[in-house]
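Report on the structure
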Amino acid sequence: TGKWRLCYCVLDSLGRNSSTQMRFFDDTSIDFSEKLLYGNATLLLLFFPILSMMILYPILLQISLNFFITIPFYPYIAIVLFTGIFLPIQKLFVGLLRVSKKPFHFVLFNISSFIFQVIIIYILIVRYDLALNGQLYGRLITNIIFFTIAFLFLIRYSKFSFDLNIIKKLFFFGIPLI
């Protein structure tokens, strides 16, 4: 039952990322207003995680150094926070692939990300004997690479501008979906 539960969780998480976006985009072509929406979302997701990390990093560092003195959290907190910076753009790109009805690209991006991450983590843990650091660095390396790929493709599908009305709507409705 544990294997089936794991398979269900993986499949469920793949389908939930952008399923609500499908209600708003029926057409396979992306028009100007949708490009403007994706451009604003891309810019917001580039800056918002960095600002969040700038706020959270000193707080979490002080908590880990002052309250959990016997447990060395320091390098792990930094790596996890840096990894989190790169995830929202990937989620936005996966959502774009689902909305624009490109199942092959959707599956290719997700499976290649998974396989690359497994290979990198395996190399870092087995070959270089990095243990937990190997897993964390492997995730970080994979997320940086696939962030770059997703961002380069989002540039093609986006019109970049800061529209305050769209950004307000994204904060209220769109960002929680991502």
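Residues numbered from 1 in each chain as written. Predicted model: local features only at pLDDT ≥ 70, side-chain atom pairs only at ≥ 80, totals over all residues. Heavy atoms only, no water.

1. Concerning the overall build of the chain
We apply this condition: Helix and strand labels come from DSSP, where a helix needs a run of H or I of at least four residues and a strand needs a run of E of at least two; each type is numbered from the N terminus. A contact between two residues is defined here by any heavy atoms of the two lying within 4.5 Å. Areas reported as accessible are Shrake-Rupley estimates using a 1.4 Å probe. Residue values count occlusion only from the protein chains shown.
A count of helical and extended segments in the chain gives six helices and zero strands. If you list the helices and strands of the chain from N to C, you get α-α-α-α-α-α. Considering only contacts within the chain whose residues lie at least 6 apart along the sequence, 78% involve residues at least 24 apart. Working note: accessible area of the chain is about 11,600 Å², and carbon and sulfur atoms make up 73% of it.

2. So, the nonpolar core
We apply this condition: Throughout, nonpolar core names a set of buried Ala, Val, Leu, Ile, Met, Phe, Trp, Tyr and Cys residues whose side chains join them through atoms within 4.5 Å. Classification of residues uses two cut-offs on accessible area relative to the type maximum, computed with a 1.4 Å probe and protein chains only: under 20% is buried, over 50% is exposed, and between them is partly exposed.
In terms of nonpolar packing, the biggest core is built from 32 residues, with Tyr38, Ile89, Leu92, Phe93, Phe109 and Leu154 touching the most fellow members. Non-local contacts of Phe93, meaning those with residues more than four positions away in its chain, are made with Phe109, Ala150, Phe153 and Leu154.

3. Notes on helix α4 (residues 103-127)
Put simply, the test is: Multiplying one less than the number of residues by 1.5 Å gives the expected span of a helix.
For α4, built from 25 residues, the straight-helix expectation of 36 Å at 1.5 Å per residue is met to within 8% by its first-to-last C-alpha distance of 35 Å. Residues Phe106, Phe109, Ser113, Gln117, Ile120, Ile121 and Leu124 constitute the buried set of α4. Positioned one or two residues after α4, Asp129 has a phi angle of 55°, which is positive.

4. What about the packing of α4 against helix α5 (residues 131-157)?
Heads up, the rule is: Axis definition: a line fit to C-alpha positions, over the contact stretch in the case of helices; interaxial angles, taken between N-to-C directions, run 0 to 180 degrees. The crossing is said to be left-handed when, going from far helix to near helix, the turn is anticlockwise and less than a right angle, and right-handed when the turn is clockwise. Side-chain classes are defined by residue name, with Ala, Val, Leu, Ile, Met, Phe, Trp, Tyr, Cys and Pro counting as nonpolar, Asp, Glu, Lys and Arg as charged, and the others, Gly among them, as polar.
Put simply, α4 and α5 touch, their axes get as near as 8 Å, and they point 150° apart. As α4 packs across α5, the resulting crossing turns out to be right-handed. Facing Phe109, Ser112, Ser113, Phe116, Gln117, Ile120, Ile121, Leu124 and Ile125 of α4, the residues of α5 in contact are Ala131, Gly134, Gln135, Tyr137, Gly138, Arg139, Ile141, Thr142, Ile145, Phe146, Ile149 and Ala150. Of the residues that constitute the contact of α4 with α5, the class distribution is 13 nonpolar, seven polar and one charged.

5. With respect to α5
Because an α-helix packs 3.6 residues into every turn, residues spaced three or four apart end up facing the same way. Between its terminal C-alpha atoms α5 stretches 39 Å, which fits the 39 Å expected from 27 residues at 1.5 Å a residue. Among all positions of α5, only Gly134, Leu136, Gly138, Leu140, Thr142, Asn143, Phe146, Phe147, Ala150, Leu154 and Tyr157 are buried.

6. Observations concerning the environment of Leu81
Residue position: Leu81 is located in helix α3 (residues 74-99). On the basis of relative accessible area, Leu81 is assigned to the buried category, the value being 16%. Along the sequence, Leu81 and Ser52 sit 29 residues apart, while their C-alpha atoms lie 9.4 Å from each other. Setting aside chain neighbours within four positions, we find Leu81 in contact with Met53, Tyr57 and Leu60.

7. A word on the side chain of Gln117
Residue placement: Gln117 occurs in helix α4. Gln117 gets classed as buried once you look at its relative accessible area, which sits at 18%. If sequence neighbours within four positions are ignored, Gln117 has contacts with Arg139 and Thr142.

8. Notes on the environment of Ile79
Tracing the backbone shows Ile79 in helix α3. A relative accessible area of 6% means that Ile79 is categorised as buried. Put simply, Ile79 and Leu140 are 61 residues apart on the chain and 7.1 Å apart in space, counted from C-alpha to C-alpha. Apart from the residues lying within four places of it in its own chain, the contact partners of Ile79 are Leu136, Tyr137 and Leu140.

9. Details of the confidence of the model for the chain
Operational definition: pLDDT gives the predictor's per-residue confidence on a scale running from 0 to 100.
Per-residue confidence for the chain gives a mean pLDDT of 77; residues scoring 70 or more make up 75%. Of all secondary-structure elements in the chain, the lowest mean pLDDT belongs to helix α1 (residues 2-16), at 43, while α4 reaches the highest, 95. This model gives residues 1-28 a pLDDT under 50, and the stretch forms 27 contacts once residues within four places in sequence are excluded.

10. Some remarks on unusual backbone geometry
Residues other than glycine seldom take positive phi values, yet Lys101 does so here, at roughly 55°. Positioned with a positive phi, Asp129 is a non-glycine residue whose angle comes to about 55°. Tracing the sequence through the fold places Asp129 in the loop between α4 and α5.

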